[in-house]
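Next come the chains, spelled out residue by residue.
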Amino acid sequence: MISKTIAELIYYAEKHLYLLDSDKIYFTNILLHFFGANEPYEGEIDKVRIESMEVPDEIVSEIFEHCLLSGDDEKEAERKADFALGIVSPLPSLVNGAFEEFKKNDPATALQFLKSLGTSNYYFQKTKVERNKDWTMTFEDGPNITLSINLSKPEKNNKDIAKLLTTASTNYPKCALCVENIGFYGDDKHAARMTIRYVPLDLAGERWYLQYSPYGYFRNHCICFKEDHIPMKVERKTFDRLLSFVEQFPSFFMGSNSDLPIVGGSILNHEHFQGGSPVLPLFASKDKEVIFTSKSGTKVAKVDSFTNTLRISGKDKEEIMDLGEKILNAWRIYDNEELGILHETDGNRHNTVTSYAIKNGEEYQLIIVLRCNITNEKYPDGVFHAHPEYHAIKKEGIGLIECAGEFVLPARLERQIKEVEESVNLSKEEYLKKYPDMSLFEDMINAMKENPSLDAGSYIGQVCRNILRNVAVFKDDEKGQQAYDAFLKEALK
Ligand SMILES: [Zn+2]
């Protein structure tokens, strides 16, 4: 009975979402009307059970079932559940005020407040995210890689992402990151966002907002986005904003994808960053070689990684930005035909960077990964992108999360790994007949047949390391490293 579910939801909101007693009747009536019920439930509800709930999953599934039985499709049922949880959540103005108050005392508490609100109101679907399969690979020749099969996120492809950049958006909201998403009911093209709450931030003198990611790719995965819907552009100001974030919230890192397709993130048409608790493998990776030290002690070092990663560290933010800008500007116009790096072809720019900021005590770190999105006949999806033999594992753009050693893998792999494991004991004819898409996994099946101690997780971990090697613009060989050193010398002179 939906009126009983509404009574449970109102009680849940009172206990977990700051709903005030004086607002209960008001929200009960809104929900009764919305779900087509005539009067409130007068019977008992299990208050003890509701008080002990950490997440509202049971209430959400009751609403969902009701909607399906009333003839809604699954998408509409999800939107209605999102509406119900969103309407009983605190108003954005109250969330902003509380966040500011917490931040004055302890920024980490403010971040935790926003995260737990999003968990309690079903914006961040904790139960789903906890079903993700995670594992870590250690390597002798470089840093760890952590892997996660993300069961809640749709797989995207680079061509669609590039298209998004050039299509004039006539829809409302313009994109998934625009400020107008808050309280949006959702439709075929846009996700329901009744439950989202973001808070305003000042980043280097500009208005930005902070929200958590609904998908949670890693611990405390959050997103910062600019107030205006303008395309990603990596420049000195980018480093300034990233450092400004970690200055205010030193317990989190903040990173920026590059501003070009293939080597960027999935949303290029709205300036945004991603951050979280600094647990990603790259941040724990040591400096391999210090290549520059300023008079005041700011250092530039090559980081031990499978890509071309530099760490600029010191206490002087301005000097860090100066050095970051020097490297960026030199890289933007760098050409090396022999290595296949061309900064521009047919008016299209190719060279860019992925960047991150971290605060470690008094010290700031700006981490820069050199990227190039050039394509050719052999590699139409990108020369410095995952090569075709690895696309069955990962085809999407290698963005800031993967460059930091955390691979978010598509949900389909959960099923495909089981099929691979079964196929190892079958002949090629047998497994292709049973699972046609195993033709994409022949290398993996053969490798596991040849080496019975190789498990699927390790094989995939090695593929991810090879993908990072594909991403490296200066390869780990003599020619590549000589060119890398020459580039850095020129950039920092
Ligand atoms: Zn936007």
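Below, the structure is looked at part by part. Everything quoted here is computed from the prediction, not taken from an experiment. (Residues numbered from 1 in each chain as written. Predicted model: local features only at pLDDT ≥ 70, side-chain atom pairs only at ≥ 80, totals over all residues. Heavy atoms only, no water.)

Right, let's talk about unusual backbone geometry for a bit. With an omega dihedral of -10°, the bond running from Tyr-172 to Pro-173 counts as a cis peptide bond. Inspection of the secondary structure assignment puts Pro-173 in the loop between helix 9 (158-166) and strand 3 (199-203). Positive phi, normally seen in glycine, also occurs at Ala-204, with a value near 50°. Inspection of the secondary structure assignment puts Ala-204 in the loop between strand 3 and strand 4 (206-212). Of note, Ile-262 is a non-glycine position whose phi angle comes to about 75°, a positive value. Within the fold, Ile-262 resides in the loop between strand 6 (253-256) and strand 7 (272-276). With a relative accessible area of 15%, Ile-262 lands in the buried category. (Helix = DSSP H or I, 4+ residues; strand = E, 2+ residues; numbered from the N terminus. Buried < 20%, exposed > 50% of the residue type's maximum accessible area, 1.4 Å probe, protein only.)

The next point concerns the pattern of salt bridges. Tallied over the entire structure, the rule returns 33 salt bridges. For Arg-241, the salt bridge goes to Glu-271, with nearest N and O atoms at 3.6 Å. You can see Arg-241 sitting in helix 10 (residues 236-248) and its partner Glu-271 sitting in the loop between strand 6 and strand 7, a full 30 residues away along the chain. Since its relative accessible area comes to 3%, Arg-241 is described here as buried. When salt bridges that share partners are traced, they join Glu-8, Asp-46, Arg-49 and Glu-58 into one network. (Salt bridge = Lys/Arg side-chain N within 4 Å of Asp/Glu carboxyl O.)

Let's shift gears to the nonpolar core. Counting 89 residues, the largest nonpolar core has Leu-31, Leu-210, Phe-245, Trp-331, Leu-370 and Phe-474 as its most contacted members. Counting residues domain by domain, this core receives three or more from each of domain 1 (2-88) and domain 2 (128-407 + 481-491). When sequence neighbours within four positions are dropped, the list of residues in contact with Phe-474 reads Asn-308, Trp-331, Tyr-334, Leu-339, Ile-341, Leu-370, Gly-480, Gln-481, Ala-483, Tyr-484 and Phe-487. The next biggest cluster of nonpolar side chains, apart from the first, holds 49 residues, and it includes Phe-139, Leu-280, Ala-404 and Val-420. (Core = buried A, V, L, I, M, F, W, Y, C linked by side-chain atoms within 4.5 Å. Domains from an automatic or database assignment. Contact = heavy atoms within 4.5 Å.)

Right, let's talk about the sheet that holds strand 15 (residues 406-409) for a bit. What the 3 strands build is an open sheet, ordered 1-2-15; its pairing is mixed. Edge positions in the sheet fall to strand 1 (133-137) and strand 15, since each of these pairs with one other strand and no more. In this sheet, adjacent strand axes meet at a mean angle of 15° when their direction is disregarded. Looking at chain direction, strand 1 and strand 2 (residues 145-149) are connected through 5 bridges and run antiparallel. Along strand 2, the bridge assignment pairs Thr-136 with Thr-146. The sheet contacts of helix 17 (residues 456-471) involve strand 1, strand 2 and strand 15, and relative to strand 2 the element is tilted by about 115°. (Pairing = 2+ DSSP bridges. Axes fitted to C-alpha atoms, helices over the stretch in contact; angles between N-to-C directions.)

Around the zinc ion, the protein contributes the donor atoms Cys-175 (SG), Cys-178 (SG), His-229 (ND1) and His-270 (ND1), which lie 2.0 to 2.3 Å from the metal centre. For the zinc ion, the 4 donor atoms in the first shell make angles of 98 to 124° at the metal, so the coordination geometry reads as tetrahedral. Of note, the zinc ion draws all its donor residues from one chain, in the sequence arrangement C-x2-C-x50-H-x40-H. Residue Cys-178 is found in the loop between helix 9 and strand 3, and its partner His-270 is found in the loop between strand 6 and strand 7; the two are separated by 92 residues along the sequence. Assigned by exposure class, Cys-178 and His-270 land together as buried. (Donors = N, O, S within 2.8 Å, 3.2 Å for Na, K, Ca; no water. Tetrahedral: all angles 85-135°; square planar, octahedral: opposite > 155°, others 65-115°.)

Let us look at the packing of helix 10 against helix 12 (residues 317-332). Axis separation between helix 10 and helix 12 bottoms out at 9 Å; the angle between their running directions is 145°. For the element pair helix 10 and helix 12, the recorded crossing hand is right-handed. For the pair helix 10 and helix 12, the contacting residues are Arg-236, Phe-239, Asp-240, Leu-243, Ser-244 and Glu-247 in the first and Lys-317, Glu-318, Ile-320, Met-321, Asp-322, Gly-324, Glu-325 and Leu-328 in the second. Of the residues in the contact of helix 10 with helix 12, the class split is 5 nonpolar, 2 polar and 7 charged. (Left-handed = near helix turned anticlockwise from the far one by under 90°. Nonpolar A, V, L, I, M, F, W, Y, C, P; charged D, E, K, R; others polar.)

For the structure shown, the criterion picks out 26 aromatic pairs. Measuring from centroid to centroid gives 4.6 Å for Trp-208 and Phe-273, while their planes differ by 15°, and the two rings are stacked. Taken as a pair, Trp-208 in strand 4 and Phe-273 in strand 7 lie far apart in primary sequence, 65 residues in all. Assigned by exposure class, Trp-208 and Phe-273 land together as buried. Joined through ring pairs, the aromatic side chains of Trp-331, Tyr-334, Phe-474, Tyr-484 and Phe-487 make up one cluster. Here the guanidinium or amino end of Lys-115 rests over the ring plane of Phe-124, the centre of that ring lying 4.8 Å away. Its guanidinium or amino end placed over the ring of Tyr-364, Lys-359 lies 5.1 Å from that ring's centre, counting from NZ or CZ. (Phe/Tyr/Trp six-rings, centres within 6.5 Å; stacked < 30°, edge-to-face > 60°. Lys NZ or Arg CZ within 6 Å of the ring centre and 35° of its normal.)

So yeah, pure geometry; function would need other evidence.
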